[in-house]
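Observations on the three-dimensional arrangement
Residues per chain, in single letters:
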Amino acid sequence: MSDKPNSPPALKWALDGREVDLLHYIFNRSDLRQIRGNPAKVLGAIDDYHSQFKPLMNVGVAKGKFITGIIAERKPSVMIELGGYIGYSAVLFGDAIRKNGGKQFLSIEKNPEMAAVATQLVELAGLRDYVRIIIGASNTVLRELITETRDIDTVELIFIDHWQDLYRPDPWLLEELDVLKPGKSVLLADNVIMPGAPVYLEWIHATPQEKKDILSKSDVGLLKPNPDLVYDSRAQEFQDTEFGRDGVAVIHIK
Ligand SMILES: C[S@@+](CC[C@H](N)C(=O)[O-])C[C@H]1O[C@@H](n2cnc3c(N)ncnc32)[C@H](O)[C@@H]1O
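- Per an unreviewed UniProt entry, the chain goes by the name catechol O-methyltransferase and belongs to Aspergillus sclerotiicarbonarius.
- We quote the UniProt Sequence similarities (unreviewed entry) comment for the chain here in full: "Belongs to the class I-like SAM-binding methyltransferase superfamily. Cation-dependent O-methyltransferase family."

Written out as structure tokens, the structure is:
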């Protein structure tokens, strides 16, 4: 039997213990007292680990700056994230939400070990009142937030950054639950160049008739996507992220 019978398998680039090692690194730094309560310094310490030890699949500096610009422009009260990992984006965007008069950054993370690391780093950054790390699968948590706890009735700004095979079904769920509103909702999809999200972008760019054709050929399970919802999307390219060339799609509802 594996020595971790209840944990997901390690990947080549993550979940091999480096995320807990990051906590040891940060909490043993000689400048911990200066880092505490300072989101920029927490992010700097994570970036130091990434460059000195092992890479971490964080949104990173360039894309992060672009997205904090969108937060400053739109000033959402609540922003949602699908896929939180060790909390880099939660610290960066949670701080931006706070600075722009918002209430909360909700980060949904399926892996409880990653969520535990993220919770410690959010706490260290002094953002506990602004960032909620929710452990669970994005589709289950989104449904609960929208239909049960009713925390969300309109998506203002959502950052889609979990696994690529979920990029289309989760927005389909948001379509079904009628929380994507013209003029009010913006979706940001990370990694649309590397590794890419062609199936999701095909949906975003399709006309209602093309969407009906896609649905007739797709397994949508119990989901009820809305083919009549029309999107307007642009991809912002970045030449030099920590992992090379990449892009963030910025998607509005027409
Ligand atoms: C690319 S990382 C997120 C990086 C993070 N947003 C950042 O920039 O700092 C992807 C994360 O999505 C999580 N994930 C994968 N499937 C998920 C699901 N169904 N629901 C929520 N999180 C999921 C993974 O566990 C992983 O931590």
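Don't stop here, the text continues.
1. As for the pattern of salt bridges
- Within the structure shown, the criterion is met by 14 salt bridges.
- The salt bridge partner of D31 is R29, with a shortest N-O separation of 2.9 Å.
- One salt bridge connects R98 with D95, and the closest N-O pair in it is separated by 3.2 Å. On the criterion of helical spacing, the pair formed by R98 and D95 is a turn pair, its members being three residues apart in helix α5 (residues 88-99).
- The exposure class of R98 is partly exposed, given its relative accessible area of 31%.

2. Focus on the pairing of strand β5 (residues 186-189)
- Residues of β5 alternate between two faces, with V186 and L188 on one and L187 and A189 on the opposite face, all of them buried.
- By the bridge criterion, four bridges tie strand β4 (residues 157-160) to β5 in an arrangement that is parallel. Bridge assignment links F159 to a residue of β5, and that residue is L188.
- Read as a crossover between parallel neighbours, the route from β4 over helix α8 (residues 169-176) to β5 is right-handed.

3. Overview of the packing of helix α4 (residues 61-74) against α5
- As a packed pair, α4 and α5 sit with axes 9 Å apart at the nearest point and diverge in direction by 30°. When the axes of α4 and α5 are compared, the pair comes out roughly parallel. Of the two elements, α4 crosses α5, and the hand of that crossing is right-handed. Across the interface between the two elements, V61, G64, I67, T68 and I71 from α4 touch Y88, L92, F93, A96 and I97 from α5.
- Grouping the constituent residues of the contact of α4 with α5 by class yields eight nonpolar, two polar and no charged.

Definitions and cut-offs
- Residues numbered from 1 in each chain as written.
- Predicted model: local features only at pLDDT ≥ 70, side-chain atom pairs only at ≥ 80, totals over all residues.
- Heavy atoms only, no water.
- UniProt positions renumbered as here; feature names shortened; annotations may be inferred.
- Salt bridge = Lys/Arg side-chain N within 4 Å of Asp/Glu carboxyl O.
- Helix = DSSP H or I, 4+ residues; strand = E, 2+ residues; numbered from the N terminus.
- Buried < 20%, exposed > 50% of the residue type's maximum accessible area, 1.4 Å probe, protein only.
- Pairing = 2+ DSSP bridges.
- Right-handed = clockwise from strand over helix to strand, strands pointing away.
- Axes fitted to C-alpha atoms, helices over the stretch in contact; angles between N-to-C directions.
- Parallel < 35°, antiparallel > 145°, perpendicular 65-115°, else oblique.
- Left-handed = near helix turned anticlockwise from the far one by under 90°.
- Contact = heavy atoms within 4.5 Å.
- Nonpolar A, V, L, I, M, F, W, Y, C, P; charged D, E, K, R; others polar.

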